[in-house]
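# Analysis of the macromolecular model
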Amino acid sequence: MSDRNEAGDAETKAESSRQRTEKLLATDRFGPKACLREAESDAMNGSCHAAEANVHRPLGYHVKWTQKPKSVLVIKKFRDRTVTCCFKKLISWLHDEKNMSVYVESSVLDEEELADDQKFQKHCERLHTWIHGEDELKDKIDFIVCLGGDGTLLYASSLFPSSVPPLIGFHLGSLGFLTPFSFDSYDKTISSVIDGDARLTLRLRLHCLVKSDVAPRHRKQYFIQKRSESFSQAAPVVKQLTASKKEALVLNELVIDRGPSPYLSNLNVYLNDNLVTVVQGDGLIVATPTGSTAYSAAAGSSMVHPSVPAIILAPICPHSLSFRPILVPSGVSIKICVADDSRHTAWASFDGRNRQEIKQGDSILVTSSKWPLPCVTKGDHLTDWFRSLSECLNWNYRLRQKSLDDEASKESCLKVPEN
């Protein structure tokens, strides 16, 4: 009977994983007015499985507007003179040529170069400002323009926990792996997006839920310290600790490391509630295909195209020669816990931000978000990705081996060296 129950539980978990996979990227709405239109070659191919509908398009998608876009969010790299000059040129063009409602972060207007420019003040007065953490951007923004590098794009992604409007990235930062467009042709690029003549790459994001608990030994220590107080006073604090939760959405990766501790990390890793391994080393990277070219690549993992529905698990300096990075289906749920017998706590960061301590008994549940990041591509999504690999990372760069076309080269290769 127990074998039958175990088989039934396994089938239930497999079915649950399959259902999660089919629901991934199920949305076709991005912001209040944008949706997806299939590329012509894909529309003619009717054999695509439903579960692959949004991730396996050879040419990706075109943006389609249900109404003409009227509002744009402009995110700029902070305190950069080159970016500020481009920002002023862009805002002036959006107001004068496109009559757009432009939203910017209120702190941007505090920059000296903008505050001291009297000619630009008429445009500052027309800007809609918002404060991060206080104002809601949902349903207000039709598309996003990023002026900066990859960090600027990551910040823009963090502003939208659910549906994200189409995003255009202009390369004005250091590396620019995720920002394919040059600002020199900003007017043509943005006009093509407004006209619906632009392709999109849907970049998977990960939803991270941090559950803080009090392990038995910590709970015991707590009550020893509070033995002079009544249980009625201590109970609410314990309830608050055991119920503590924090959510985060990452575009690149979740990193769990040993922090300042000299001891190995001991992290239990579960896939669909099944313990698959224990990480003993400096830590673990849980990365998206977008993040596979960042910290994950530096840790020795493979680089994965953003349209591949997968999650990367890459150990950081594991104390085992056989512990290699792996890819798992994007439909699985991943739970990472600090082992109860771990010598120290661990530390987690989300796209390099909001670093926090993870104690024994705490856990992080990672699942794929159903709200991807729709990035406008310069060409098709394959051409853009390989161009970024070559130009930004010098992927497979090597001096070309000389050919053996001329007879002199052939003779020199066949000549036996003298003793």
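It should be emphasised that the depicted structure is a prediction, and the values quoted were computed from it without experimental measurement.

## Topic: the overall build of the protein chain
- Tallying secondary structure elements over the protein chain gives 12 helices and 21 strands in all.
- Relative to its 419 residues, the protein chain shows a buried fraction of 46%.
- Partitioning the intrachain contacts of the protein chain with sequence separation of at least 6 by distance along the chain shows that 73% fall at a separation of at least 24.
- Looking at the protein chain as shown, the accessible area adds up to about 22,600 Å², and 49% of this sits on carbon and sulfur atoms.

## Some thoughts on the environment of L94
- With respect to the element layout, L94 can be found in helix α3 (residues 81–96).
- A sequence separation of 22 residues divides L94 from V72, and the C-alpha atoms of the two residues are 8.9 Å apart.
- Excluding its chain neighbours within four sequence positions, the residues that come into contact with L94 are V72, V74, N99, M100, V102 and I190.

## Comments concerning helix α11 (residues 381–393)
- Between the first and last C-alpha of α11 there are 17 Å, a value that for 13 residues agrees with the 18 Å anticipated at 1.5 Å per step.
- Considered for burial, the residues of α11 that qualify are H381, D384, W385, S388 and L389. Down the axis of α11, the sector holding all buried residues measures 135°, keeping them to one side.
- Residues of α11 that are buried make contact with β9 (199–203) and β21 (373–377).
- Positive backbone phi, approximately 50°, marks N394, located one or two places after α11.

## Thoughts on a nonpolar patch on the surface
- A cluster of nonpolar side chains, contributed by L175, L382, F386, L393 and W395, occupies part of the molecular surface with about 440 Å² of accessible area.
- Positionally, L175 belongs in the loop between β8 (167–171) and α7 (186–194).

## Things to note about the layout of surface pockets
- A volume near 550 Å³ is recorded for the largest pocket.
- Lining the largest pocket are 25 residues, and of these H132, S157, S158, L159 and P161 sit closest to its centre.
- With 5 residues, strand β11 (residues 245–250) is the largest single contributor of residues to the lining of the largest pocket.
- In terms of residue class, the lining of the largest pocket is built from 11 nonpolar, 6 polar and 8 charged.

## Concerning α7
- Those residues of α7 that sit buried are Y186, T189, I190, S191, V193 and I194.
- Next to the buried residues of α7 lie β3 (61–65), α3, β7 (143–148), β8 and β21.
- G196 occupies a position one or two residues after α7 and carries a positive phi of about 80°.

## Some details on a negative patch on the surface
- Where like charges cluster on the molecular surface, the negative patch consists of E134, D135, E136 and D139.
- One can find E136 in the loop between β6 (128–130) and β7.
- For E136, a relative accessible area of 52% gives the class exposed.

## Points about the nonpolar core
- Counting 39 residues, the largest nonpolar core has V74, L90, L147 and I190 as its most contacted members.
- Counting residues per element, this core draws most heavily on α3, at 7 residues.
- Those residues in contact with I190 that lie beyond four places of it in its chain are L90, W93, L94, F143, V145, I168 and F170.
- Core analysis: the next-biggest nonpolar cluster, separate from the first, contains 28 residues, L206, V210, V328 and A346 among them.

## With respect to the pattern of salt bridges
- Per the counting criterion, the structure on display carries 8 salt bridges.
- Among the ionic pairs, D142 bridges to K33, the shortest N-O distance being 3.3 Å. On the criterion of sequence distance, the pair formed by D142 in the loop between β6 and β7 and K33 in the loop between β1 (29–30) and β2 (34–38) is long-range, its members being 109 residues apart.
- K33 sits in the buried class, given a relative accessible area of 15%.

## Side note on the environment of P289
- Position of P289 relative to the elements: it lies in the loop between β14 (274–287) and α10 (295–298).
- Separated by 38 residues in sequence, P289 and L251 place their C-alpha atoms 9.0 Å apart.
- P289 has contacts with L204, V304, H305, P306, V308, A310 and I312, leaving out every residue within four places of it along the chain.

## Looking at the side chain of D257
- Residue placement: D257 occurs in strand β12 (residues 253–257).
- A distance of 2.8 Å separates a polar side-chain atom of D257 from the backbone nitrogen of G259.
- Within polar-contact distance, the side chain of D257 engages the side chain of R355 at 2.8 Å.

## Some details on the confidence of the model for the protein chain
- Within the protein chain, residue pLDDT values average 83, and 77% of them lie at 70 or more.
- Of all the helices and strands in the protein chain, helix α9 (residues 231–242) carries the lowest mean pLDDT, 41, while β12 carries the highest, 98.
- The low-confidence segment residues 21–26, where pLDDT is below 50, has 15 contacts with residues more than four positions distant or belonging to other chains.
- Predicted confidence for residues 215–243 stays below pLDDT 50, and this span has 23 contacts to residues more than four positions away or in other chains.

## Some remarks on the packing of α3 against α7
- At a minimum axis distance of 11 Å, the contact between α3 and α7 shows a crossing angle of 45°. By the angle class used here, α3 and α7 are oblique. Crossing handedness for the pair α3 and α7: right-handed. Contacts from K89, L90, W93 and L94 in α3 reach Y186, D187, I190 and S191 in α7.

## Remarks on empty space enclosed by the protein
- Overall, the coordinates contain 2 cavities of 30 Å³ or more when judged by the stated rule.
- Considering only enclosed or pocket space, the largest cavity measures out at about 120 Å³ in volume.
- Among the secondary structure elements, those contributing two or more residues to the lining of the largest cavity are β9, β21 and α11.
- Grouping the constituent residues of the lining of the largest cavity by class yields 7 nonpolar, 4 polar and 2 charged.

So, how was this worked out
- Residues numbered from 1 in each chain as written.
- Predicted model: local features only at pLDDT ≥ 70, side-chain atom pairs only at ≥ 80, totals over all residues.
- Heavy atoms only, no water.
- Helix = DSSP H or I, 4+ residues; strand = E, 2+ residues; numbered from the N terminus.
- Buried < 20%, exposed > 50% of the residue type's maximum accessible area, 1.4 Å probe, protein only.
- Contact = heavy atoms within 4.5 Å.
- Areas by Shrake-Rupley, 256 points an atom, 1.4 Å probe, with all protein chains shown as cover.
- Expected span 1.5 Å × (residues − 1).
- Arc of directions from axis to C-beta.
- Patch = residues over 30% accessible without salt bridge, like charges linked within 9 Å, V, L, I, M, F, W, Y side chains within 5 Å.
- Salt bridge = Lys/Arg side-chain N within 4 Å of Asp/Glu carboxyl O.
- 1 Å grid on protein atoms, 1.4 Å probe; cavity = no way out; pocket = protein on both sides within 12 Å on 5 of 7 lines; lining within 4 Å.
- Points joined across faces, edges and corners; volume = space filled by probe spheres on them.
- Nonpolar A, V, L, I, M, F, W, Y, C, P; charged D, E, K, R; others polar.
- Lys, Arg positive; Asp, Glu negative; His and termini not counted.
- Charge placed at Lys NZ, Arg CZ, Asp CG, Glu CD.
- Core = buried A, V, L, I, M, F, W, Y, C linked by side-chain atoms within 4.5 Å.
- Polar contact = N/O pair within 3.5 Å; in protein donor to acceptor, adjacent residues only side chain to side chain.
- pLDDT = per-residue confidence, 0-100.
- Axes fitted to C-alpha atoms, helices over the stretch in contact; angles between N-to-C directions.
- Parallel < 35°, antiparallel > 145°, perpendicular 65-115°, else oblique.
- Left-handed = near helix turned anticlockwise from the far one by under 90°.

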